[in-house]
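Structure assessment
Listed here are the chains, written in short residue letters.
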Amino acid sequence: AQSVTQLDSHVSVSEGTPVLLRCNYSSSYSPSLFWYVQHPNKGLQLLLKYTSAATLVKGINGFEAEFKKSETSFHLTKPSAHMSDAAEYFCVVSARSNYQLIWGAGTKLIIKP
Amino acid sequence: SAVISQKPSRDICQRGTSLTIQCQVDSQVTMMFWYRQQPGQSLTLIATANQGSEATYESGFVIDKFPISRPNLTFSTLTVSNMSPEDSSIYLCSVHGGGGTEAFFGQGTRLTVV
């Protein structure tokens, strides 16, 4: 069975400071992991994905995530937040053996000027 | 990758009526997925539509309420029937190739039932 937990429903940071959005997963198999972003009134956009290659994954807009098997984590980070990063972020786990996607509850990122 | 066109982008509907949402993909795909995103919530899978067979519904969703058509490999519709205010949500069409590949989404249909 698979599951994903986003540890924070809201994260608030000041512009220019680092961003950390936390995601823990559970999977019986080697998973694929994704981060998606949803800006207000916009569609879902893939930020980055892990599919068993390098454990440090770089995505769009300066985001990156590190797959840590020992900690079953896939936290999303960015060195310096911009106002345009304000959005909802979803961590997703997928089994490579089927079509199932398991979605986290989402983390709302708030950027303070 | 896949480009998905979904329409309408939004609608306001009277309770008791039905709305059909269309989803067009720019390439042939085996599986298409319909999600619901209630206000402030994450995505919930409604059903999986495989061309040439009946859609497979997730627990809590039934065909009478959410009939789905999948006439060919690039198109699908989702109907929200006999709507109530509780159906007010964003409905999303998605495709992915399985096996841990990324999913692609339409822009979504923002439905408000009054």
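These remarks concern the structure in this document. A quick note: this is a predicted structure, and the numbers were derived from the prediction, not measured. (Residues numbered from 1 in each chain as written. Chains lettered and ligands numbered in written order. Predicted model: local features only at pLDDT ≥ 70, side-chain atom pairs only at ≥ 80, totals over all residues. Heavy atoms only, no water.)

**Looking at the overall build of chain B**
Helix and strand counts for chain B come out as zero helices and 11 strands. In sequence order, chain B lays out its α and β elements as β-β-β-β-β-β-β-β-β-β-β. In terms of principal-axis extent, the alpha carbons of chain B reach across some 40 × 25 × 25 Å. A buried classification covers 50% of the 114 residues belonging to chain B. The contacts in chain B between residues at least 6 apart in sequence include a share of 52% that link residues at least 24 apart. (Helix = DSSP H or I, 4+ residues; strand = E, 2+ residues; numbered from the N terminus. Buried < 20%, exposed > 50% of the residue type's maximum accessible area, 1.4 Å probe, protein only. Contact = heavy atoms within 4.5 Å.)

**Details of the packing of aromatic side chains**
Considering all chains together, one arrives at 13 aromatic pairs over all chains under this definition. A ring pair is formed by Y50(A) and F67(A), whose centres lie 4.1 Å apart and whose planes are at 15 degrees; its orientation type is stacked. Of the two residues, Y50(A) sits in strand β6 (residues 44-50) while F67(A) sits in strand β8 (residues 64-68), which places them 17 residues apart along the sequence. Here F67(A) falls in the buried class, since its relative accessible area comes to 9%. Ring geometry for F90(A) versus W103(A): centroids 5.9 Å apart, planes at 75 degrees, classification edge-to-face. Placement of F90(A) in strand β10 (residues 87-95) and of W103(A) in strand β11 (residues 101-103) is noted, with a sequence separation of 13 residues between them. Under the relative-accessibility criterion, W103(A) is labelled buried at 11%. Here the aromatic cluster, defined as three or more aromatic residues joined through ring pairs, consists of F34(A), Y36(A), F90(A), W103(A), Y35(B) and F105(B). (Phe/Tyr/Trp six-rings, centres within 6.5 Å; stacked < 30°, edge-to-face > 60°.)

**As for the state of the cysteines**
Under the defined criterion, the tally for this structure stands at two disulfides over all chains. Through a disulfide, C23(A) is tied to C91(A); the S-S separation comes to 2.0 Å. Taking the sign of the S-S torsion, about -70 degrees here, the bridge from C23(A) to C91(A) comes out left-handed. Of this pair, C23(A) sits in strand β4 (residues 23-26) while C91(A) sits in strand β10, placing them 68 residues apart in sequence. Note on accessibility: C23(A) and C91(A) belong to one class, buried. For C23(B), the disulfide goes to C93(B), at an S-S distance of 1.9 Å. Its S-S torsion of approximately -65 degrees makes the covalent link between C23(B) and C93(B) left-handed. A residue pair is termed long-range when its members are at least 10 positions apart, and C23(B) in strand β3 (residues 19-25) and C93(B) in strand β9 (residues 89-96) qualify at 70 residues. (Disulfide = S-S within 2.5 Å.)

**Here we look at the pattern of salt bridges**
All names here are of chain A. For the structure on display, the rule yields five salt bridges over all chains. Across the salt bridge formed by D85 and K78, the nearest N and O atoms sit 2.8 Å from each other. As far as burial versus exposure is concerned, D85 and K78 are alike and both buried. (Salt bridge = Lys/Arg side-chain N within 4 Å of Asp/Glu carboxyl O.)

Just distances and angles here, no functional claims.
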